[in-house]
Amino acid sequence: MSTIGYLRSDNNLECTAGTMNDVKQIIIKKLGIEVGYTPFVSTREHLTQYAPTSLDQLPPRSMQDSFTSAIIPLTTDKILKDKYVGFMGNVRLGRLMEDMDMFAVWVVHKHLLLPNLPEGVALPYTFVTALVDKIDFTDLVPTHDADIRLSGHVSWVGRTSIEIVVWMEQKLHGKWRKLTRALFLMVARDATNTKASLINPLVPANDEEKAIFDGGECKAAFPRRIQLQKEDLLKTEPNDFEQGLVHELFVKSIDTKSRAFNKRILPPGYVWMEDATMANIVFSHPEDRNAHNKVFGGFLMRNALELSWALAYNFAKRRPKLEHISDISFHHPVDVSSMLNMQAHVIYTDLHYMEIVVLADVYDAMTGQQTTTNSFYYTYSVAERLPSIMPKTYHEAMYYLDGRRKFRYAMGIDTPRNAAAGDEAAKSKL
């Protein structure tokens, strides 16, 4: 997705919202949220009367209408800098993911226009992050001593869903340089978060916006997701090629001379999948909440990313580089004070790349039950070749195939429609 040219001039951006702290305060004010934590959220039911009941009540909006930017002032706010700096002097990517999620919500606010909403009345909406996809990182490593800028705009709109493109840059030697870019899919709910709510349609304002809208990734995002859902390994069995891969791995892990199927051996250059794992218990607190007293999605993204990085570091025995985040899915909201069990697994490797999945489960200490609320997929790389992953069980074999699909899609090897397919060259690597 290219940036919108008419909003850039001499490398400076218009429509600046201030700092990310300013953005947070504006969102709280526009939603009419009371400052200060209370276990019981004030009712917003009175706002439902202002919710649009038909698209005729909502004027179309363009990409330009929602374009905005905000600054993370690392050069001037020393206290803020301490929250972002890592022990090696770099910027914590997990913190940046938090900010990108918050910023995407702000872009949605910029897109909305309700002519019938009385002045001073809060927006009759609740916004929920459904999916984050296509986060690709450049080779630029963010530093803690230069300001970071987030920019973005709405790039696609359905009746109740909205997709936002967000990119992040850092000012180095007087010039803004790209760090990453991401696509956020958000769902508009009513003020009580009980049903979907209509939002302004998107109509391109000029030829450049029309080219982005017609030919961009966003328009193809839903068909891609529908296709991937159909190919989900929880719904359909692996294709013939993938079944062959699993059998090859099985044959490699047994003693074929003794014909003992029940005895597994680890061939040279492999690591058992069950040994390439790491877990962490995370407590959420009121400071981690969003405007609706649920755990902020960015908080989950930060903790999952940092756990995945720790596993990648431990697995590779050297500092890894985050290349892609291919899928972040939000299945269920997480209540404040929840106990989260986060588990990270290396599920696939290819040469010097590794694919890691992090699953976030809400853990009920009273019953012992766990409910998966989020899944995150990360692609890391190191300079040296990595050992291959060996699954022991059918369950792990499905993880292996899922990781391979996610890796090939993130690397651009497979298109969405044939993401499950492979070639004999890949099979020969086993």
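So, here's what we can say about the structure.

Conventions used here
Residues numbered from 1 in each chain as written. Predicted model: local features only at pLDDT ≥ 70, side-chain atom pairs only at ≥ 80, totals over all residues. Heavy atoms only, no water. Helix = DSSP H or I, 4+ residues; strand = E, 2+ residues; numbered from the N terminus. Buried < 20%, exposed > 50% of the residue type's maximum accessible area, 1.4 Å probe, protein only. Core = buried A, V, L, I, M, F, W, Y, C linked by side-chain atoms within 4.5 Å. Domains from an automatic or database assignment. Contact = heavy atoms within 4.5 Å. Phe/Tyr/Trp six-rings, centres within 6.5 Å; stacked < 30°, edge-to-face > 60°. Lys NZ or Arg CZ within 6 Å of the ring centre and 35° of its normal.

Residue His173 is not a glycine yet carries a positive backbone phi of 55°. Relative to the elements of secondary structure, His173 occurs in the loop between β7 (161-172) and β8 (175-190). His173 gets classed as exposed once you look at its relative accessible area, which sits at 86%. Unlike most non-glycine residues, Lys317 shows phi in positive territory, near 65°. With respect to the secondary-structure elements, Lys317 resides in the loop between α8 (297-316) and β11 (321-330). Relative accessible area serves as the criterion here: at 61%, Lys317 is assigned to the exposed category.

Among the nonpolar cores identified, the biggest contains 108 residues, and Ile164, Phe184 and Met354 are the most heavily contacted of them. In this structure, this core is formed jointly by two domains, domain 1 (5-222) and domain 2 (231-428), each of which donates at least three residues. Residues contacting Ile164, with those up to four places away along its chain left out, are Ala104, Val107, Val108, His153, Val154, Ser155, Ala182, Leu183, Phe184 and Met186.

Under the counting rule described, the total for this entry stands at eight aromatic pairs. Seen from their ring centres, Tyr348 and Tyr400 are 5.3 Å apart, and the 70° between their planes marks the pair as edge-to-face. Pair noted here: Tyr348 is in strand β12 (residues 339-350) and Tyr400 is in helix α9 (residues 394-410), with a separation of 52 residues, a long-range link. Each of the two residues, Tyr348 as well as Tyr400, counts as buried. Ring centres of Tyr348 and Phe407 lie 5.7 Å apart, and the angle between their planes is 45°; this geometry places the pair in the tilted category. In this pair, Tyr348 sits in strand β12 while Phe407 sits in helix α9, placing the two residues 59 residues apart along the sequence. The class for Tyr348 is buried, based on a relative accessible area of 7%. Here Lys392 stacks its cationic end above the ring of Trp272, 4.7 Å away from the centre of that ring. The ring centre of Tyr377 lies 4.4 Å from the NZ or CZ of Lys406, which sits over that ring.

Geometric values such as these leave the question of function open.
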